[in-house]
Each structure stands twice: as C-alpha cells, then as structure tokens.
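Report on the structure
Single-letter residue listing:
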Amino acid sequence: MEFTAQQIAQMIGGRIEGDPNAVINAFAKIEEGKPGAISFLSNEKYTHYIYDTQSSVVLINDDVKLDREVSATLIRVKNAYEAVAQLLQAYESMKPRKKGIDPLAFIAPTATVGDDCYVGAFAYIGEGAKIGKNCQIEPHAVIGERVTVGDDCIVYSNAVVYHDCRIGSRVTLHAGSVIGADGFGFAPTEHGYDKIPQIGNVVIEDDVEIGANSCVDRSTMGSTYVRKGVKIDNLVQIAHNTDIGQNTVMSAQVGVAGSTKIGEWCMFGGQVGIAGHITIGNRVNLGAQSGAPGSIKDNQTLLGTPPMDTRAFFRSQVIYQRLPQLYKEFEALKEEVEELKKTASPQPPLQIERGSKPLPAPPKGGDIRTEIVKS
C-alpha cells in the first residue's frame, strides 16, 4: 500500500513542510530511514538524525525547531508519538484477517463461535464456551469450559484461558499468557501445606492487552479483575483477588501480590513489586524496581523501596554513593575528639561552703567562677 504525504497529513490532522506528493510505502526508525519510508521524531535525543535520514517523510512535533534544512518532507503534529501510533493502527487494520475454522481445531459440541472468526489448527474450545464475532483464536490456544470471549479478540498461540473466566471485547492475549490459573493459596499445617481450592475466576474487561507469558490468577472466591483499558507487558504476575483499575499500565516483571486494589491510570515500571492486601490510589507512578510494602495515596510519582518522592530519592542516592567517604571522615573526627579529650586540662571542681549566701547571677558574657571568688 502506498500513500502520499498529503493523504497522511489529512488522516492525522498534520501540517506539511515540503513535498505533499512524497510517496511512502513503509515504516522505518529515523536512524534507519530509507527512501519510501515514513519515520517519526518525538524524542529530542534523536533530533540529529533528522538532518541525514533517508526517509521520505518524518512526523515531527509542532514545537521542534530545526537548525538547518532537511531533505525529508515534514508533517508537523501536536504529538508525533501519538500520530505514529494512529498510523500503525490504521495500517494494522488494513491487513487481511484470517477466517474459518481449521479442520484440526477442536470445538466442543456445546461451544459457540461467532461470525467471521478464525480458529487455528490444534486450538481447543471447551464445553459451554462462547466466542464472539471477528475473533482470532490462533493454533494451540486453549479456551476452557464455560469461558466467554467478547468480539474482536485475539488469543495467540499457546495462550490459555482456564474454565469459567470472562474476557471482554477487543482483548489481546499474547502467546503463553495464562488467565485463570490457581491463585497461590496454601494453609500451613504440621505435615506441610494444604491446598486451598481456588473456586473463583478472572474477569478481563474490554480493550485490555496482556503480554506474552504473563499470568492473571483466579480468585479464591469471587473474581480477580483486570479493568477496561489495562495494558500489561510480558512476564507480569497478577495474583488472586486483585483488582487492577482502568487504563493502568505495567512493564515487564511487575509482580502484584494477592487481594491488592490498584487504582486507575497508574504506571508501573519494570520489576515493580506490590505487597498484598494494600490499596494503590489513582494515577500513581512507580519507577522501575520500586517496592510498595504499604498503601499509597492518589497522584504520586515514587521511586525506591519503600517508595519515596522522586526528588528525595535522587538526593538520597547521591548521599548513598558518598557513604564510604563520609564514613572515613566520621572515623577521622572520632579520633580527633579522642585526642582532644586526652590533651584537654580538666577544670578544678567548684567548692561552695555551707551557709554561703546565694550566688548572684553572672553578668552577660561573665564567668560564674569569677562571681564565686568575688562573693
């Protein structure tokens, strides 16, 4: 498929600088540009690439000022990153979708599959399962008994949805993700650990994406919830009975312990750890490798373990790096104090005779011993 710069600008509401008839038929990173490709510039660290890129068209923010002319046609937009996402979505939607049920797929007699779906070879759809329309169930995917899946979903190869879970519409489950495995529930006894049956399920609402090899555990009772618009990266663990608020995003290797409630529009960096039975407020941002042992209120950006304000965290890190030198200085000061103690001449003790009159208050800046002698 080919598009002109003019067509693209109309699609994303951009303003052209250069040749409106420049033709593009591919996407490329700005540092790897080639003729016929469209690139984007949203990070100022990459600005120097725009002067040499071979891409025919570059999306660029309105407020970026360039030092010299560029050969590429520019399309200026309010947010280049959002604009390229819009274009990629449009490009993806134009790809032909597979349809039909492969003869090697297994669909239980009581299961239902909506119109225009694709079910790949060796996929499994269990008894009583309901699949909406326009879904893609890739080869070797497993949809368990009594699972419901909404419209326009994609379940990639080797993803597994356990029995009785509910999946909304426009949900993507990447390869190897597991929805509804047992929560980690065991009761310690003198003989070992007795398993606590996990009789709940997982409810995933609309417009959720769950990355490869991520797990969302079923609840002990009731439901584990992943609310509308949540985006979860690869290798993330969501424990039983948690509730992940709308539009929250999590990077790789985040771990959320059981019975934790997370608010809306939160952002967790890689390897963030969340303790169980706590509440994280709305719009909480946790930097990579932060640990939250307790509840956090709304609208905070935190780093570290336990998490602290970003400015305080970076100040603490500066001090932490200086600790070896500060320790040396502390030990040297201790030695100096000990030497001063040894060389300082002791003052004679005060002698006050019985029956002497009360001592007058010394004058400002005076010496009480002088007043004793005078009296």
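Heads up: the structure comes first, above all this text.
Along each chain, numbering runs from 1 in the same order as the chain's sequence is written. Predicted model: local features are reported for residues with pLDDT of at least 70 only, side-chain atom pairs are reported and counted for 80 or more only, and whole-chain, interface and lining totals are derived from all residues. As a rule here, side-chain values cover all heavy atoms of the structure and leave hydrogens and water aside.

**Here's the deal with the overall build of the protein**
Note the following rule: What counts as a helix is a DSSP run of H or I of at least four residues, what counts as a strand is a run of E of at least two, and both are numbered from the N terminus. C-alpha atoms define the radius of gyration in this analysis, and the globule rule sets the expected value at 2.2 Å times the number of residues to the power 0.38. Only protein chains enter the accessibility calculation, which uses a 1.4 Å probe; a residue whose area is less than 20% of its type maximum is buried, one above 50% is exposed, and one in between is partly exposed. Contact definition: two residues touch when any of their heavy atoms are within 4.5 Å. All accessible areas in this document rest on Shrake-Rupley with a 1.4 Å probe, and a residue is counted as covered only by the protein chains that are shown.
Scanning the protein from terminus to terminus reveals 4 helices and 40 strands. Relative to its length of 375 residues, the protein is extended, with a C-alpha radius of gyration of 33 Å against a globular reference of 21 Å. Seen along its three principal axes, the alpha-carbon backbone of the protein occupies a region of about 115 × 75 × 30 Å. Per-residue burial for the protein yields a buried fraction of 37% across its 375 residues. Of all intrachain contacts in the protein linking residues separated by at least 6 positions in sequence, the fraction that spans at least 24 positions is 17%. When the accessible surface of the protein is totalled, it reaches about 22100 Å², and 53% of it is carbon and sulfur.

**Quick word on the sheet that holds strand 20 (residues 172–173)**
Condition: Two strands qualify as a pair provided DSSP detects at least 2 bridges between them.
A sheet is described by the order of its strands in space; here 12 strands give the open sequence 8-11-14-17-20-25-28-31-34-37-39-40, paired in mixed fashion. Each edge of the open sheet is held by one strand with a lone partner, namely strand 8 (100–101) and strand 40 (308–309). Inspection of the sheet shows strand 8 paired to strand 11 (residues 118–119) by 2 bridges, in the parallel sense. Bridge pairing links Gly100 to Tyr118 in strand 11.

**Section: the side chain of Ser223**
Its place among the elements puts Ser223 in strand 27 (residues 223–226). Note on Ser223: relative accessible area 17%, which makes it buried. Apart from the residues within four sequence positions on either side, Ser223 is in contact with Asn201, Val203, Asn241 and Thr242.

**What to know about the environment of Met250**
Mapped onto the elements, Met250 comes out in strand 31 (residues 249–250). A sequence separation of 154 residues divides Met250 from Pro96, and the C-alpha atoms of the two residues are 30 Å apart. Excluding anything up to four places from it in sequence, Met250 contacts Lys231, Ile232, Asp233, Val236, Ile238, Ile244, Val256, Ile262 and Phe268.

**Looking at the pairing of strand 27**
One ladder, built from 4 bridges, connects strand 24 (residues 201–204) with strand 27; its direction is parallel. Residue pairing for strand 27: Ile204 is matched across the bridge by Val226. Pairing analysis gives 2 bridges linking strand 27 to strand 30 (residues 243–244), with the strands arranged parallel. Its bridge partner lying in strand 30, Tyr225 is registered against Asp243.

**Thoughts on the layout of surface pockets**
The criterion, for reference: Points on a 1 Å grid, built from protein atoms alone, make a cavity when a 1.4 Å probe fits but cannot get out and make a pocket when they are open with protein on both sides within 12 Å along at least 5 of 7 lines; residues with an atom within 4 Å of a point are the lining residues. Grid points are joined across faces, edges and corners, and a volume is the space filled by probe spheres set on the points. Note that Gly is not counted as nonpolar here; it falls among the polar residues with everything else outside the nonpolar set of Ala, Val, Leu, Ile, Met, Phe, Trp, Tyr, Cys and Pro and the charged set of Asp, Glu, Lys and Arg.
Taken as a whole, the largest pocket holds about 1000 Å³ of empty space. Residue contributions to the lining of the largest pocket peak at 7 residues, all from helix 2 (residues 80–94). Residue classes in the lining of the largest pocket are distributed as 9 nonpolar, 5 polar and 10 charged.

**Quick notes on the pattern of salt bridges**
Just so we agree on the cut-off: By definition here, a salt bridge exists when the distance from a side-chain nitrogen of Lys or Arg to a carboxyl oxygen of Asp or Glu is within 4 Å.
Applying the stated rule across the entire model yields 17 salt bridges. Lys99 is paired through a salt bridge with Asp116; the nearest N and O atoms lie 3.8 Å apart. Taken together, the residues Lys99 in the loop between helix 2 and strand 8 and Asp116 in the loop between strand 10 (112–113) and strand 11 connect sequence positions 17 residues apart. Note that Glu331 is salt-bridged to Lys334, the shortest N-O span being 4.0 Å. Of this pair, Glu331 and Lys334 both sit in helix 3 (residues 310–343), separated by 3 residues, roughly a single helical turn. A relative accessible area of 42% places Lys334 in the partly exposed class.

**Some remarks on the nonpolar core**
Definition in use: Residues enter a nonpolar core if they are buried and are Ala, Val, Leu, Ile, Met, Phe, Trp, Tyr or Cys, with the set joined through side-chain atoms within 4.5 Å.
In this structure, Ile143, Ile179, Ile204, Phe268 and Ile280 are the most contacted members of the largest nonpolar core, which totals 50 residues. With sequence-adjacent residues up to four places away left out, Phe268 is seen in contact with Val249, Met250, Ser251, Val254, Ile262, Ile274, Ile280, Val284 and Leu286. Ranked by size, the runner-up nonpolar core spans 15 residues in total, among them Ile8, Ala22, Ile75 and Val84.

**A word on the sheet that holds strand 2 (residues 15–17)**
So the rule is basically this: In this analysis an axis means a line fitted to C-alpha atoms, helices contributing only their contacting stretch, and an angle means the value between N-to-C directions, from 0 to 180 degrees.
Taken in spatial order, the 5 strands make up an open sheet running 2-7-6-5-4, and their pairing is mixed. Edge strands, defined here as strands with exactly one partner in the open sheet, are strand 2 and strand 4 (26–27). In this structure, strand 5 (residues 37–41) lies alongside strand 6 (residues 57–61), joined through 4 bridges in parallel fashion. Its bridge partner being in strand 6, Ser39 is matched across the sheet by Val58. Together, strand 2, strand 5, strand 6 and strand 7 (73–77) form the strand contacts of helix 1 (residues 5–12), whose direction differs from that of strand 7 by roughly 5°.

**Description of the packing of aromatic side chains**
This is how the line gets drawn: Side-chain rings of Phe, Tyr and Trp (the six-membered ring for Trp) are treated as a pair once their centres are within 6.5 Å; stacked means planes under 30 degrees apart, edge-to-face means over 60, and tilted covers the remaining angles. Two limits define a charge over a ring: the Lys NZ or Arg CZ must be within 6 Å of the ring centre, and within 35 degrees of the ring normal.
For the coordinates displayed, the defined rule picks out 6 aromatic pairs. For the ring pair Phe40 and Tyr81, a centre distance of 6.0 Å and an interplane angle of 55° mean the geometry is tilted. Taken as a pair, Phe40 in strand 5 and Tyr81 in helix 2 lie far apart in primary sequence, 41 residues in all. For Phe40, a relative accessible area of 28% puts it in the partly exposed group. Overall, the relative accessible area of 54% leaves Tyr81 in the exposed class. Seen from the ring of Tyr51, Arg68 lies directly overhead, with NZ or CZ sitting 4.0 Å from the centre. Against the face of Tyr225 rests Arg227, its NZ or CZ located 4.0 Å from the ring centre.

By themselves, these figures tell us nothing about what the structure is for.
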